[in-house]
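Each chain, letter by letter, is given below.
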Amino acid sequence: MEQITIVTGGSRGIGAATCRRLARDGHRVVVGYRSDEPAAQSVVDAVTAAGGTAIAVRADTADEQDVAALFATAAERLGPVTGLVNNAGVASELTRLADLKTEDLRRVMDINVIGAFLCAREAARVMTAGGAIVNVSSTAATLGSPGNYIHYAASKAAVDALTLGLAKELAADGIRVNGVAPGFVDTEIHQQSGDPDRATNVLSRIPVGRLGTPAEIAEAIAWLLSPASSYTTGATLRVAGGL
Ligand code: NAP
């Protein structure tokens, strides 16, 4: 079966590494992005230069119409969608809950929860047997992120529940749903924390003593989308250096 996979938030970080990695496995890749068109195009160019197929499609995952258009464009230009990497996500400034701004709470929930649900719902509508979804969660979901961003942790706990429930709903249709929970990965998301030294400040908490790379997360996502994981559904794989 030809694999046609949408990666939301594919323009940089974990999503970009995932696009490149999936292309190596022969996926035809849809690089979803919200605002950074040149970054998305550079991912397309890298895939194409390596002999793969990719297109960039703008879509705000928190917008229902954008999500429908993302899936429709993918189907029109590449063929029936077989894979979704529900990766687009945001963090916000580090804070204790008492000081959390309502706008930050709503934005994180809107993109990380509503956005992930809208994309998963569209995938559930269009995918047929052999399809697979990977939701990008976080170790925050099971650690709670006290003093940093409990709301972000809660948004990722919702993603984990989505993985569990949807895996059971779609199992009989031959569609698998799994998650990957990264720990601290070296990407631009940490710039949203408001702490310029975030990366060094978290090192002491990571058992293996270093941040993960986007490529290391992409490897797990690629496995969960591949036939090699055919008996795995409803699982969230921690890829977090022991965190
Ligand atoms: P990143 O470098 O900040 O990249 C985020 C990507 O998401 C960008 O491509 C961005 O696109 C896109 N995006 C954001 N909001 C969007 C929206 N509303 N609609 C569509 N696309 C949107 O982040 P990352 O570290 O690679 O994170 C990827 C995922 O991994 C997120 O779900 C994050 O929560 C999760 N995660 C990351 C870490 C970590 O340490 N890095 C750890 C655990 C989990 P534009 O640039 O075009 O806006």
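Draft legend 1. Examining the pattern of salt bridges more closely. Within this structure, the stated rule accounts for nine salt bridges. Between Arg-28 and Glu-2 there is a salt bridge, and its shortest N-O distance comes to 3.6 Å. Taken together, the positions of Arg-28 in strand S2 (residues 28-33) and Glu-2 in the segment before strand S1 (4-7) put the pair 26 residues apart, joining distant regions of the chain. The partly exposed category is assigned to Arg-28, whose relative accessible area is 22%. Glu-2 gets classed as partly exposed once you look at its relative accessible area, which sits at 49%. A salt bridge links Arg-21 to Asp-25; the nearest nitrogen and oxygen atoms lie 3.0 Å apart. Given the relative accessible area of 12%, Arg-21 is considered buried. Among the residues examined, Asp-25 registers a relative accessible area of 36% and is labelled partly exposed. In this structure, a network of salt bridges that share partners links the residues Arg-21, Asp-25 and Glu-219.

Draft legend 2. Region of the structure containing the sheet that holds S1. Pairing is parallel across the open sheet formed by seven strands, whose spatial order is S3-S2-S1-S4-S5-S6-S7. Only two strands of the sheet have a single neighbouring strand rather than two, namely strand S3 (53-58) and strand S7 (236-239). Ignoring strand direction, the axes of neighbouring strands in this sheet form an average angle of 20°. Its contacts with the sheet place helix H3 (residues 64-77) against S1, S2, S3 and strand S4 (83-86), and it is angled at close to 155° to S3.

Draft legend 3. Local environment of the layout of surface pockets. Size it by volume and the largest pocket reaches roughly 900 Å³. Around the largest pocket, the lining comprises 47 residues; the ones closest to its centre are Asn-87, Gly-89, Val-90, Tyr-152 and Ile-189. Within the residue set of the lining of the largest pocket, elements represented by two or more residues are helix H1 (13-24), S2, helix H5 (140-143) and helix H6 (150-170). Residue contributions to the lining of the largest pocket peak at three residues, all from H1. Of the residues contributing to the lining of the largest pocket, the split by class is 19 nonpolar, 20 polar and eight charged.

Quick notes on the rules
Residues numbered from 1 in each chain as written. Predicted model: local features only at pLDDT ≥ 70, side-chain atom pairs only at ≥ 80, totals over all residues. Heavy atoms only, no water. Salt bridge = Lys/Arg side-chain N within 4 Å of Asp/Glu carboxyl O. Helix = DSSP H or I, 4+ residues; strand = E, 2+ residues; numbered from the N terminus. Buried < 20%, exposed > 50% of the residue type's maximum accessible area, 1.4 Å probe, protein only. Pairing = 2+ DSSP bridges. Axes fitted to C-alpha atoms, helices over the stretch in contact; angles between N-to-C directions. Contact = heavy atoms within 4.5 Å. 1 Å grid on protein atoms, 1.4 Å probe; cavity = no way out; pocket = protein on both sides within 12 Å on 5 of 7 lines; lining within 4 Å. Points joined across faces, edges and corners; volume = space filled by probe spheres on them. Nonpolar A, V, L, I, M, F, W, Y, C, P; charged D, E, K, R; others polar.

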